[in-house]
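# Breakdown of the fold
Now for the letters of each chain:
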Amino acid sequence: MFKTPLLTLILTLIVSTVHAEEVLIQGTVQSRCVITTDTPGVYGNPNAYTLTTTPADGGVPPIVRFDVTLADAYYAQITTPTSFSSSPSIGESLTWTGTTEVSTVSDSANMGTYETNKVTFGQTTQYDLTATGSTWFKSTSTVTMGGNKAFPGGSYSAVVDAVCIAQ
């Protein structure tokens, strides 16, 4: 007499415990650090074996702007070129040098230490973006042909790599 209701209860519990549901949760993170090219760079050619962004030699240094809306959340990392992204065929060895420095800031009181606190490793310079606002970084790039040989005629391009890295 109790077997049928007990059996029904056991079967109901087994069937109801097998059911499962997965609920998806999604989200999008909007970066609070935006990078914009302010001034594209131009190589000047002061002699046959040098290309440089130095204004006195006919070049234009590239300037990149970092806009930050969340303080102490990002590093700016800027790497000057170590190779051409496009160029005529070059068989000789090249020597690359480059630097990055703060050009302008929107808040000198809170961003005044950016240049003195920067960290440089290889061709990369890193800044701790400790304040909200805009910072303009100017890079230089110079490349010389080994043995003082002339660069072949043609178009040369190189890239400054600028990234925001979340802390």
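First things first, this report covers the structure right here in the doc.

Rules used in this analysis
- Residues numbered from 1 in each chain as written.
- Predicted model: local features only at pLDDT ≥ 70, side-chain atom pairs only at ≥ 80, totals over all residues.
- Heavy atoms only, no water.
- Salt bridge = Lys/Arg side-chain N within 4 Å of Asp/Glu carboxyl O.
- Buried < 20%, exposed > 50% of the residue type's maximum accessible area, 1.4 Å probe, protein only.
- Disulfide = S-S within 2.5 Å.
- Helix = DSSP H or I, 4+ residues; strand = E, 2+ residues; numbered from the N terminus.
- Core = buried A, V, L, I, M, F, W, Y, C linked by side-chain atoms within 4.5 Å.
- Contact = heavy atoms within 4.5 Å.

## Concerning the pattern of salt bridges
What the rule picks out here adds up to 3 salt bridges. Between Asp 67 and Arg 65 there is a salt bridge, with its nearest N and O atoms 2.9 Å apart. A residue is classified by how much of its surface remains accessible, and Arg 65, at 23% relative accessible area, is partly exposed. Two residues, Lys 118 and Glu 115, come together in a salt bridge whose shortest N-O distance is 2.5 Å. By relative accessible area, which is 27% here, Lys 118 ends up partly exposed. By relative accessible area, Glu 115 is classed as partly exposed at 28%.

## Let's talk about the state of the cysteines
As enumerated under the stated definition, the model contains 1 disulfide in all. The disulfide that involves Cys 33 links it to Cys 164, with 1.6 Å between the sulfurs. Taken together, the positions of Cys 33 in strand β1 (residues 33-39) and Cys 164 in strand β10 (residues 161-166) put the pair 131 residues apart, joining distant regions of the chain. A relative accessible area of 7% places Cys 33 in the buried class.

## Quick notes on the nonpolar core
Formed by 15 residues in total, the largest nonpolar core has its most connected members in Phe 66, Tyr 114, Tyr 127, Leu 129 and Phe 137. Elements with a minimum of two residues in this core: β4 (63-68), β5 (74-79) and β8 (124-129). Sequence-distant contacts of Tyr 127, that is, excluding residues within four places in its chain, are made with Tyr 74, Tyr 75, Ala 76, Thr 100, Glu 101, Val 102, Tyr 114, Glu 115, Lys 118 and Phe 137. In terms of nonpolar packing, the next biggest core, distinct from the first, is built from 7 residues, Leu 51, Met 145, Phe 151 and Tyr 156 among them.

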